[in-house]
Amino acid sequence: MPSLPVATPNDLASLAEALATHGVCLLPDFQDDDATRALRLRLQALQATGKLQPAGTGQGAGHRSSGMTRGDSTHWIENGQGTATTAYLAALHAVRASMNRQLFLGMQEVEAHFACYPAGAGYKRHRDRFQGSNSRVLSLVTYLNDDWQAADGGALRLYLPGDTVDVLPQAGMTVCFLSETEHEVLP
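Throughout, residues of each chain are indexed from 1 in the direction in which the sequence is written. Reporting in this predicted model follows two pLDDT cut-offs: at least 70 for local features of residues, and 80 or more for side-chain atom pairs to be given and counted; totals over whole chains, interfaces and linings ignore these cut-offs and use all residues. In computing side-chain properties, one takes all heavy atoms of the structure into account and sets aside hydrogens as well as water.

### A closer look at the sheet that holds strand E10 (residues 163–167)
Hydrogen bonding along the main chain pairs the strands of a sheet, whether they run parallel or antiparallel. Note on pairing: DSSP must find at least two bridges between two strands before they are called paired. Helix numbering and strand numbering both begin at the N terminus, where a helix is a DSSP run of H or I of at least 4 residues and a strand a DSSP run of E of at least 2. Taken in spatial order, the four strands of this open sheet run E7-E12-E9-E10, and their pairing is antiparallel. Strand pairing shows two members of the sheet lacking a second neighbour, strand E7 (123–126) and E10, which therefore form its edges. Averaged over all neighbouring strand pairs, the angle between strand axes comes to 15°, with direction disregarded. Two elements, E7 and strand E12 (residues 182–185), share two bridges in a ladder whose sense is antiparallel. Its bridge partner being in E12, His-126 is matched across the sheet by His-183. Each axis is a line fitted through C-alpha atoms, and for a helix only the stretch in contact is used; angles between axes span 0 to 180 degrees, taken between their N-to-C directions.

### Focus: the packing of helix H1 (residues 12–22) against helix H3 (residues 83–103)
Viewed as axis vectors pointing N to C, H1 and H3 meet at an angle of 60°, and their least axial separation amounts to 10 Å. In this view, H1 runs oblique relative to H3, as classed from their interaxial angle. Remark: the crossing between H1 and H3 carries right-handed chirality. Counted together, Leu-12, Ala-13, Leu-15, Ala-16, Leu-19 and Ala-20 of H1 and Ala-94, Val-95, Ser-98, Met-99, Gln-102 and Leu-103 of H3 form the full contact between these two elements. Of the residues that constitute the contact of H1 with H3, the class distribution is 10 nonpolar, two polar and no charged. Here roughly perpendicular refers to angles of 65 to 115 degrees, roughly parallel to angles under 35, roughly antiparallel to angles over 145, and oblique to all remaining angles. For any pair of crossing helices, the crossing counts as left-handed if the nearer helix is rotated counterclockwise from the farther one by less than a right angle, and right-handed if it is rotated clockwise. Contacts are assigned to residue pairs with any non-hydrogen atoms lying within 4.5 Å of each other. Any residue that is not Ala, Val, Leu, Ile, Met, Phe, Trp, Tyr, Cys, Pro, Asp, Glu, Lys or Arg is counted as polar, Gly included; the first ten are nonpolar and the last four charged.

### Structural notes on the packing of aromatic side chains
What counts as a ring pair is set by centres within 6.5 Å for rings of Phe, Tyr and Trp (its six-membered ring), and what kind of pair is set by the plane angle: stacked under 30 degrees, edge-to-face over 60, tilted for all other angles. The final tally for this structure, using the stated rule, is one aromatic pair. Ring centres of Phe-30 and Tyr-88 lie 6.0 Å apart, and the angle between their planes is 85°; on these two criteria the pair is classed as edge-to-face. With a gap of 58 residues between them, Phe-30 in the loop between strand E1 (24–26) and helix H2 (33–48) and Tyr-88 in helix H3 connect regions that are remote in the sequence. Among the residues examined, Phe-30 registers a relative accessible area of 10% and is labelled buried. Judged by relative accessible area, which is 8%, Tyr-88 ranks as buried. Sitting above the plane of the Tyr-159 ring, Arg-125 keeps its charged end 3.6 Å from the centroid. Here's how the labels work: a residue is buried when its accessible area is under 20% of the maximum for its type, exposed when over 50%, partly exposed in between, all with a 1.4 Å probe on protein chains only. As a reminder, the over-ring test applies to NZ of lysine and CZ of arginine, requiring each to be within 6 Å of the ring centre and within 35 degrees of the ring normal.

This is the structure:
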């Protein structure tokens with residue numbers, strides 16, 4: 001299994017180079033521990049108040065409930081939902097602006113959501129980019145798990161040309177990849 005390129009949030013040129021060359025890059029320091037903890041607390045509050053909804057797939061008229069394809073529950077992140085989420089969105093906008101400048105991606109907006117997978121749930125192999133649309137260009141996943149163990153599973157499996165790579169869902173790990181990359185969340 002190949003190792004993935006690694007960049008720091010302060011070196012977005014390395015991120016751009018990794019995306020252009022490999023289509024994927026790890027950002028283990030995308031957030032500090034306090035920011036990760038704050039997002040985790042926000043997610044836990046949303047769970048406790050029943051604000052997470054079962055996820056679906058597709059868009060517009062093609063949107064459908066998740067069924068057997070995906071087993072997570074989600075909540076969309078928007079500005080005004082707290083300091084932690086506002087700071088996270090600002091970091092995503094900085095990545096968007098930098099990748100637009102360096103890779104000419106033409107991304108106009110950022111969308112983000114919390115996703116929570118119960119034990120045994122996953123998300124079958126898919127692409128984040130909708131068929132016939134160019135609105136999703138980059139995908140970025142930041143893990144908030146504070147007590148993840150290998151037996152818990154839940155790795156993100158990326159299907160890269162000629163190989164597969166698993167990213168472990170450890171707290172604070174962030175992975176950025178081209179949205180056209182096939183991937184799945186293992187149970």
